[in-house]
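Overview (structure and organization)
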Amino acid sequence: MDKKDDFLYPRGRYYGHVQPENLVFNANLQEFAQRVSYICNLETGGKLPPEDAYEQIRSLWKQLKRSKKQLRIGKSFPPESESDS
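Residues numbered from 1 in each chain as written. Predicted model: local features only at pLDDT ≥ 70, side-chain atom pairs only at ≥ 80, totals over all residues. Heavy atoms only, no water.

Labelled according to an unreviewed UniProt entry, the protein appears under the name Isopropylmalate/homocitrate/citramalate synthase, originating from Cylindrospermopsis curvispora GIHE-G1.

And the structure:
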């Protein structure tokens, strides 16, 4: 089962700044890309109408944006000073 999952849902290694929120967002981003790829292939193969493909991708995009916002990715905060400790 694991080999099939690795084949169907490959995961790339993360090379960025290691923080829990970055790792979670990276996993979400990879899942987004994989799902978009499947949807595009289904639409290209005539198995999914273009309107449905668009709506599904739009929904996935909204989920990814929500994830980014919740994880506070891209927000710059001033470093804590020693007096704050």
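Some details on unusual backbone geometry
How we decide: We count a stretch as a helix when DSSP gives it H or I for four or more residues in a row; a strand needs E for two or more, and each element gets its number in order from the N terminus.
One non-glycine residue, Arg 72, lies in positive phi territory at about 60°. The residue Arg 72 is located in the segment after helix H3 (50–71) in this model.

Quick look at the packing of aromatic side chains
Formally: Any two of the Phe, Tyr and Trp rings considered here, Trp counted by its six-membered ring, make a pair once their centres fall within 6.5 Å; the pair's planes then place it as stacked at under 30 degrees, edge-to-face at over 60, or tilted in between. To sort residues, take the accessible area from a 1.4 Å probe on protein chains only and compare it with the maximum for the residue type: under 20% means buried, over 50% means exposed, and anything in between is partly exposed.
Scanning the model with the defined rule gives 1 aromatic pair in all. Relative to Trp 61, the ring of Phe 32 has its centre 5.8 Å away and its plane inclined at 55°; by these criteria the two rings are tilted. Residue Phe 32 is found in helix H2 (residues 20–44), and its partner Trp 61 is found in helix H3; the two are separated by 29 residues along the sequence. Of the residues examined, Phe 32 reaches a relative accessible area of 17% and is grouped as buried. Among the residues examined, Trp 61 registers a relative accessible area of 46% and is labelled partly exposed.

Observations regarding the pattern of salt bridges
Just so we agree on the cut-off: We define a salt bridge as a side-chain nitrogen of Lys or Arg found within 4 Å of a carboxyl oxygen belonging to Asp or Glu.
Taken as a whole and assessed by the stated rule, the structure comprises 1 salt bridge. The salt bridge involving Arg 35 is made with Glu 31; its shortest N-O contact spans 3.1 Å. One end of the pair is Arg 35 and the other is Glu 31, both in helix H2 and 4 residues apart, which spans about a single turn. Relative accessible area serves as the criterion here: at 32%, Glu 31 is assigned to the partly exposed category.

A short note on the nonpolar core
To be explicit about the condition: Among the buried residues, those of types Ala, Val, Leu, Ile, Met, Phe, Trp, Tyr and Cys that are joined through side-chain atoms within 4.5 Å form a nonpolar core. Two residues form a contact once any of their heavy atoms are found within 4.5 Å.
Counting 9 residues, the largest nonpolar core consists of Phe 25, Phe 32, Val 36, Ile 39, Leu 48, Ala 53, Leu 60, Leu 64 and Ile 73. Here the element with the most residues in this core is H2; it accounts for 4 residues. Ile 73 has contacts with Glu 21, Asn 22, Phe 25 and Lys 68, leaving out every residue within four places of it along the chain.

Observations regarding the side chain of Gln 30
With respect to the helices, strands and loops of the structure, Gln 30 is situated in helix H2. With a relative accessible area of 18%, Gln 30 lands in the buried category. Once you skip the residues sitting within four places of it in the chain, Gln 30 turns out to touch Pro 10, Arg 11 and Gly 12.

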